[in-house]
Amino acid sequence: MNATPQQLAQRRAALAVHAMSPVDRDWLLRELPLPHRSLLQPLLAELHAIGIPQDPALLRDATRAPPEIHAPRAGQVPDIPLSAGSARSLARWLRSQPAQVSVRLLAARPDWRVRLMGALPREDRRALESLAASLTPAPELERLVLAAARRQLAADAGSSRLAWLRRWTWPVTRREQI
């Protein structure tokens, strides 16, 4: 199921509101008409539940136009191959994240699924498969998670051969976590 342009706009708005200072966020939510507020509140709760930081840098990134980055279509060569070593490294990082982060990453990069799931313990794979079945599409959130995963891969590699990954950090600029 693909998200409609309206749903994408709502998710971008939620990300922008989520990144606001608590005082500004509370004021904005109080001032919004009830129908708009009722659309944003579940999305804000989802961002909070999966641990997306309330970082002002996200506000800047969420309000600018997104670049034309698309997941590869069937038959296309993916833009970043995931080696077995990278999959193990990424799996270690994902185990320290909420399960929703892993599911969003797999939704953003289905071509990484086999290697990444193979690097995870069996109980984690089962939990992710169960969670994936109930999650609704969230392309903007999936782009954020993918950006964080790319940064994590680049940081773990620590070598010049993967330094080019650091260019692919839209829309999150924070290096600590997503």
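Just above sits the structure.
Structure report, in brief.

The rules we used
- Residues numbered from 1 in each chain as written.
- Predicted model: local features only at pLDDT ≥ 70, side-chain atom pairs only at ≥ 80, totals over all residues.
- Heavy atoms only, no water.
- Helix = DSSP H or I, 4+ residues; strand = E, 2+ residues; numbered from the N terminus.
- Buried < 20%, exposed > 50% of the residue type's maximum accessible area, 1.4 Å probe, protein only.
- Contact = heavy atoms within 4.5 Å.
- Areas by Shrake-Rupley, 256 points an atom, 1.4 Å probe, with all protein chains shown as cover.
- Salt bridge = Lys/Arg side-chain N within 4 Å of Asp/Glu carboxyl O.
- Polar contact = N/O pair within 3.5 Å; in protein donor to acceptor, adjacent residues only side chain to side chain.

Moving on to the overall build of the chain. Counting secondary structure elements, the chain contains 9 helices and 0 strands. Looking at the chain residue by residue over its 178 residues, the buried ones come to 39%. Sequence-distant contacts, at least 24 apart, represent 76% of the contacts inside the chain between residues at least 6 apart. Entry remark: accessible area of the chain is about 10000 Å², with carbon and sulfur atoms responsible for 56%.

For the rest of this paragraph, the subject is the pattern of salt bridges. Considering all chains together, one arrives at 6 salt bridges under this definition. The salt bridge partner of R104 is E46, with a shortest N-O separation of 2.5 Å. With R104 in helix α6 (residues 99-108) and E46 in helix α3 (residues 34-49), this pair connects stretches of sequence that are 58 residues apart. No difference in accessibility class separates R104 from E46, as the two residues are buried. Among the salt bridges present, the one from R109 reaches D111, with a minimum N-O distance of 2.5 Å. Classification of D111 as partly exposed rests on a relative accessible area of 36%. Among the charged side chains, a salt-bridge network with shared partners connects R11, E46, R104 and E142.

Structurally, E140 is set in helix α9 (residues 139-157). Classification of E140 as buried rests on a relative accessible area of 7%. Separated by 2.8 Å, the side chains of E140 and R143 make a polar contact.

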